[in-house]
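Letter by letter, the chains look like this.
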Amino acid sequence: MGSEHPTGGVNYPRTYQEFREWFPDDAACLDYLGQLRWPHGFMCPACGKDRYWPTGKALFMCADCGRKTSATAGTIFHRSHTPLSTWFAAIWFVTSQKNGVSALGLQRALGFGSYETAWAWMQKLRRAMVRPDRDLLSGVVELDQIYVGGRSAGKKGGSTDKVVITVAVERDRRQRLGRVRFHIPEPANSHEQLDFARQVIEPGSLIRTDGLLMFRQLPAMGYRHEFVRGHQADDITEVLPGVHRVASLLKRWVAGTLHHHVSLEHLPYYLDEYAFRFNRRNSTARGMLFYRLLQQAVATDPHPLTELHA
Ligand SMILES: [Zn+2]
């Protein structure tokens, strides 16, 4: 199940009908999570043996020493009062929609009593999207800042603030967009952007920027650096066209899916969701996103609702 090259129909359901067949009840969901969590087979943390019994309530019992282990401990499912089958339905719903869903959409689809519950679920799922890609960007990478309008939390009526987001996006030989990474530097123009570059871009890559003074340090950091000053270009959007393309797609997504209900404090999570979707936009198998999100979810810390509101 925990395959590097997951296959539809083998590692993940391809259609809603298959989804229903694979996960008729909570036990089936738990079994699937166990396989994602222990891709090489269950191993008892106490005695190291591999035989177990599923004992309900998300517990695996070692057939040798009797130690009970949870497949969900430390994940977003940990101590959830919601049946796993409901979680699975939510994840299927969220990943099967090409552009994602709003909390309101999730509330309607699953019949949640409150908007707040649906919203908290969406946030938990977004946090599971945080880990999507540990692989570094490589080749030719455009690096620049964009500005996205946000709405300050706690200010009713929508006082608008612009948030600076640093974008790194790959360009291939045919100038198509590759994978993307986002970061919100604080303060906006700080050298944090260099740290971000170091964290997400492979040394030796060619980085294109607008020539901001700090980026002149990139060669000393092991990168090749190419820059075009904005004021020397006829058309500003032609300077770093990949970043500008990502910016307009991101803004359209925020407007279309989230309906501008974006507070600054939660913006990083929306960016995580967008990067998760963007980097898989060419995947024709929606079930693959379902698989990846669940795979990441079993490796995610639990986030109580109180913490999300903090
Ligand atoms: Zn054991």
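In the block above lies the structure referred to throughout.
Described in the following lines is the structure provided in the data block.

Side note on the sheet that holds strand S2 (residues 59-62)
Moving on, step 1. Overall, antiparallel pairing links the three strands, which are arranged S1-S2-S3 in an open sheet. Among the strands making up the open sheet, the edge pair consists of strand S1 (52-54) and strand S3 (68-70). Sheet twist, expressed as the mean angle between neighbouring strand axes with direction ignored, is 30°.
Moving on, step 2. As paired strands, S2 and S3 are joined by three bridges and run antiparallel to one another. The partner of Met-61 across the bridge, within S3, is Lys-68.

Some thoughts on unusual backbone geometry
Moving on, step 1. Here the amide bond leading from Glu-186 into Pro-187 is cis, since omega sits at -5°, within 30 degrees of zero.
Moving on, step 2. Within the fold, Pro-187 resides in the loop between strand S6 (177-183) and helix H6 (192-200).
Moving on, step 3. One non-glycine residue, Gln-175, adopts positive backbone phi at about 70°.

Overview of the packing of helix H2 (residues 26-37) against helix H9 (residues 286-297)
Moving on, step 1. Put simply, H2 and H9 touch, their axes get as near as 9 Å, and they point 75° apart. Looking at the two axes, H2 sits roughly perpendicular to H9. Along its contact with H2, which presents Tyr-32, Leu-33 and Leu-36, the element H9 presents Phe-290, Tyr-291, Leu-294 and Gln-295.
Moving on, step 2. Looking at side-chain class alone, the contact of H2 with H9 contains six nonpolar, one polar and no charged residues.

Re the packing of aromatic side chains
Moving on, step 1. Tallying each qualifying case throughout the model produces 22 aromatic pairs.
Moving on, step 2. Between the aromatic rings of Phe-23 and Phe-88, the centroid separation amounts to 4.9 Å while the plane-to-plane angle is 70°, which identifies the pairing as edge-to-face. Note that Phe-23 is positioned in the loop between helix H1 (16-22) and H2 and Phe-88 in helix H3 (residues 84-96), a separation of 65 residues in sequence. With respect to class, Phe-23 is no different from Phe-88; both count as buried.
Moving on, step 3. Seen in terms of ring centroids, Trp-87 and Trp-121 are 3.9 Å apart; in terms of plane orientation they differ by 15°. Their pairing is stacked. Of this pair, Trp-87 sits in helix H3 while Trp-121 sits in helix H5 (residues 115-129), and the two are 34 residues apart along the sequence.
Moving on, step 4. In this structure Trp-121 comes out as buried when scored by relative accessible area, which is 5%.

Cut-off values and rules
Residues numbered from 1 in each chain as written. Predicted model: local features only at pLDDT ≥ 70, side-chain atom pairs only at ≥ 80, totals over all residues. Heavy atoms only, no water. Pairing = 2+ DSSP bridges. Helix = DSSP H or I, 4+ residues; strand = E, 2+ residues; numbered from the N terminus. Axes fitted to C-alpha atoms, helices over the stretch in contact; angles between N-to-C directions. Parallel < 35°, antiparallel > 145°, perpendicular 65-115°, else oblique. Contact = heavy atoms within 4.5 Å. Nonpolar A, V, L, I, M, F, W, Y, C, P; charged D, E, K, R; others polar. Phe/Tyr/Trp six-rings, centres within 6.5 Å; stacked < 30°, edge-to-face > 60°. Buried < 20%, exposed > 50% of the residue type's maximum accessible area, 1.4 Å probe, protein only.

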